[in-house]
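Structure at a glance
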Amino acid sequence: MASHIVGYPRMGPKRELKFALESFWDGKSSAEDLEKVATDLRASIWKQMADAGIKYIPSNTFSYYDQVLDTTAMLGAVPERYSWAGGEIGFDTYFSMARGNATVPAMEMTKWFDTNYHFIVPELGPNTKFSYSSHKAVNEYKEAKALGVDTVPVLIGPVSYLLLSKPAKGVEKGFPLLSLLSSILPVYKEVIAELKAAGASWIQFDEPTLVLDLDSDKLAAFSAAYTELEAPLSGLNVLIETYFADIPAESYKTLTSLNSVTAYGFDLVRGTQTLELIKSAGFPSGKYLFAGVVDGRNIWADDLAASLSTLQSLEAVVGKDKLVASTSCSLMHTAVDLVNETKLDDEIKSWLAFAAQKVVEVNALAKALAGQKDEAYFAANAAAQASRRSSPRVTNEEVQKAAAALKGSDHRRATNVSSRLDAQQKKLNLPVLPTTTIGSFPQTVELRRVRREYKAKKITEEEYVSAIKEEISKVVKIQEELDIDVLVHGEPERNDMVEYFGEQLSGFAFTANGWVQSYGSRCVKPPIIYGDVSRPNPMTVFWSKMAQSMTSRPMKGMLTGPVTILNWSFVRNDQPRFETCYQIALAIKKEVEDLEAAGIQVIQIDEAALREGLPLRKAEHAFYLDWAVHSFRITNCGVQDTTQIHTHMCYSNFNDIIHSIINMDADVITIENSRSDEKLLSVFREGVKYGAGIGPGVYDIHSPRIPSTEEIADRINKMLAVLDTNILWVNPDCGLKTRKYAEVKAALTNMVSAAKLIRTELASAK
Ligand code: GLN
Ligand code: ZN
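These figures come from a predicted structure and were not determined experimentally.

**Section: empty space enclosed by the protein**
This model, assessed by the stated rule, comprises 4 cavities of 30 Å³ or more. By volume, the largest cavity amounts to about 90 Å³. Along the walls of the largest cavity sit 13 residues, with Ile45, Trp46, Pro58, Thr61 and Phe62 positioned nearest its centre. The set of elements that each furnish at least two residues to the lining of the largest cavity consists of α2 (31-52) and β2 (58-59). With 4 residues, the top contributor of residues to the lining of the largest cavity is α2.

**Re the UniProt feature "binding site: L-methionine" (unreviewed entry) in the chain**
As recorded in UniProt, the sites labelled "binding site: L-methionine" (unreviewed entry) are Ile438, Gly439, Ser440, Glu491 and Asp606. A maximum C-alpha distance of 12.9 Å places the annotated residues, which cover 169 residues in sequence, within one compact spot. In this structure, glutamate 491 sits in the loop between α19 (461-482) and α20 (499-502). Ignoring anything within four residues of it in the chain, the contact list for glutamate 491 reads Ile438, Gly439, Ser440, Gln443 and Met558. Separated by 3.5 Å, the side chain of glutamate 491 and the backbone nitrogen of serine 440 make a polar contact. Here aspartate 606 is to be found in strand β18 (residues 602-606).

**What to know about the nonpolar core**
Grouped together as the largest cluster of nonpolar side chains are 107 residues, with contacts concentrated most on Phe654, Phe684, Tyr699, Ile716 and Leu748. The element best represented in this core is helix α23 (residues 577-597), accounting for 10 residues. Apart from residues lying up to four places away in sequence, tyrosine 699 is in contact with Ser674, Pro707, Ile712, Arg715, Pro732, Asp733, Leu736, Ala747, Leu748 and Met751. Counting residues in each nonpolar core, the second largest holds 100 residues, with Val6, Ile54, Leu177 and Val293 among its members.

**Considerations on unusual backbone geometry**
At asparagine 429, a residue that is not glycine, the phi angle is positive and equals roughly 55 degrees. By the element assignment, asparagine 429 lies in the loop between α17 (417-428) and α18 (445-455). One non-glycine residue, leucine 433, lies in positive phi territory at about 50 degrees. Here leucine 433 lies in the loop between α17 and α18.

**Observations concerning the pattern of salt bridges**
Side chains that carry opposite charge are capable of pairing whenever their charged atoms lie near each other. Inspection of every chain in the model, using the stated rule, returns 42 salt bridges. Here lysine 111 and glutamate 612 are joined by a salt bridge, their closest N and O atoms 3.6 Å apart. Taken together, the residues lysine 111 in strand β3 (residues 109-111) and glutamate 612 in the loop between β18 and α24 (621-636) connect sequence positions 501 residues apart. On the accessibility criterion, glutamate 612 (22% relative accessible area) is partly exposed.

Criteria and cut-off values
- Going along each chain's sequence as written, the residues are numbered from 1 onward.
- Lettering for chains starts from A, numbering for ligands starts from 1, and both go in the order in which the items are written.
- Since the coordinates come from a predicted model, pLDDT governs what is reported: local features require at least 70, and pairs of side-chain atoms require 80 or more to be given and counted, while whole-chain, interface and lining totals use all residues.
- The basis for every side-chain value is the complete set of heavy atoms in the structure, and neither hydrogens nor water enter the calculation.
- The definitions used throughout rest on a 1 Å grid laid over the protein atoms alone, on which a cavity is an enclosed set of points accommodating a 1.4 Å probe that cannot get out and a pocket is an open set flanked by protein within 12 Å on both sides along at least five of seven lines; lining residues are those having an atom within 4 Å of a point.
- Grid points are joined across faces, edges and corners, and a volume is the space filled by probe spheres set on the points.
- Going along the chain from the N terminus, every DSSP run of H or I of four or more residues is numbered as a helix, and every run of E of two or more is numbered as a strand.
- UniProt positions are given in the numbering used here, feature names are shortened, and annotations may be inferred rather than shown by experiment.
- Residues are treated as being in contact if the distance between any of their heavy atoms lies within 4.5 Å.
- Polar contact criterion, stated in full: a pair of N or O atoms within 3.5 Å, where within protein one must be able to donate a hydrogen and the other to accept it, and residues adjacent in sequence count only if both atoms are side-chain atoms.
- By convention a nonpolar core is built from buried Ala, Val, Leu, Ile, Met, Phe, Trp, Tyr and Cys residues, the set being connected through side-chain atoms within 4.5 Å.
- Here the term buried applies to any residue with accessible area under 20% of the maximum for its type, exposed to any over 50%, and partly exposed to those in between, with areas from a 1.4 Å probe on protein chains only.
- Here a salt bridge means any side-chain nitrogen of Lys or Arg lying within 4 Å of a carboxyl oxygen belonging to Asp or Glu.

Rendered as structure tokens:
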């Protein structure tokens, strides 16, 4: 019985790679400095796995930016605009593709399946020339070998690579990307030959697209690709690794009948049905099963006894010597090393395992199956599991009861949205095309300093409150001068829209170094939800009330919604996600009602991450959307008709879930739009009725560019062509926290002028 790790975080336990990259990009250090940090990180990871006893240790899972971009480099598929002259791709071309340069923008980035990791989308077309242009996979294999570690080189499989790419600029949208298979396989063959020559005995192809709903063409491409590679791969053990969901039965059949493949990796954490499938459909004899029992997407210590029994049940199907204990996916989606957590108490720490600890877990499972169970280790694990199950910190009966009572019944406001909007308008008396912003104003260095010093107790509470108060009053004044209709307080007291709430809710814990790569050098540090969630005290009322007292205009209360808090946290795995979400919804509901009682008439509940939690497989969409939308409605089902509920979302391609969005029943939704307005508006053009207020963003806040009044007016007119005048709001795409004041003032000035211009036009047209 052996052990395997699908992939490992690259950033380093203290984000060493991040700092090395950023310093290199800023011109503060050399390419050699960067390479040195990277080499040391790789060496320490390999050594750590080797010391733990892992048999199949991955290489080429390191990346300077992204593994899909690495594959693009390997294939020499550099888009023309980077003027690459051929030859081995170096940092210049590589980072230009990733980040753009002075003259050319970066390649597009998009989410890696349902994770918070973003990859660089390959741009391909009939004229793309492929040539072997990055020897990274072979170099890393050799590098590990020189250190005495024989690794399994990992490549993104050819079919997933093509399925994750998009037609290049100028190529027709319907271009069949899979037709490029025969053009990229020759490069794969060269890489395979070199790996063999270097001494590799195993190779791993990551083909995660196999867990999606694939039609027969796409499945046929898998068969074609691995049949074509059969001869080049002969003599090698070939592992096809899948992750993030169950594998559909049809795909399982295709996959397990491939001759060139000798081993299959499945995610048995998210793919519980795959386990049944293996048992019922059978497993090809003589092949290896890499059983992904240790969760790569979360931070919980594995329930080793449970995993061991899963593995034992598989032993009967696959045979002892062909079963390999593994992780459910690459560990890059979890935090790096628990050793660096000094803030967490011992009890919570005993419940957790980050990447470094998961490596040890996987190996302990493999040894236990081989009859060398480390009894003390298993006993300590069982004790931690038991303490987590019974800890009073985890269970709050009152919360459990309240959340359980929600199930099965619906929660929505009593009056329909158009009557509510009438009632609200009587009170708010807003002009047509009301203007507003999404919540945050620029986060200055000074603000960050104030928050940091308050946290470190270097300044008193009084000093802190007065600094924040001053900032709020500045933001209020600016908005009044700009003549914005519905104001915000600017969120100066918040470092992060989830952490701010998590810190005030019970059931949450925070790490010091629990970073997970989001894209490039950017990492996020999700809070850990370990227990039943409740809200001991009001969280935002103090600041919102203060802000409202500074103006006679409506001041929006600003909250993060339950689904977004859930999707951007490490969530407990001892109860279904929807149960945790309902608990958060109840906590936010209390906050909404306290804000209302404090005289706040407009409350925005951000659901920036609702769309990204959509499951990978279509069959699971309805269930998710049902509880997610229900959770949102729970938060505001109890307010009066005259209280206006806003929500905000950060994506525009919601065409496929528009009915769920309508079903959220918010009074007003503000939504990202300006980067892809045609896409968003097309849904209304196609006749979907939307009766609530809607504010498709009129300019992109991700760019420092100042949009002109004409340009914004033009956008508004385009929206008016498909949406009723009386439901349209005017606002930017998203919060302004990453912008500078000079940019924000100029852009908002033009935004308000554009709204006024069109109001005048509308009035004279009457
Ligand atoms: N209210 C938040 C802000 O304005 C929303 C951020 C977001 O949508 N990601 O910053
Ligand atoms: Zn947003």
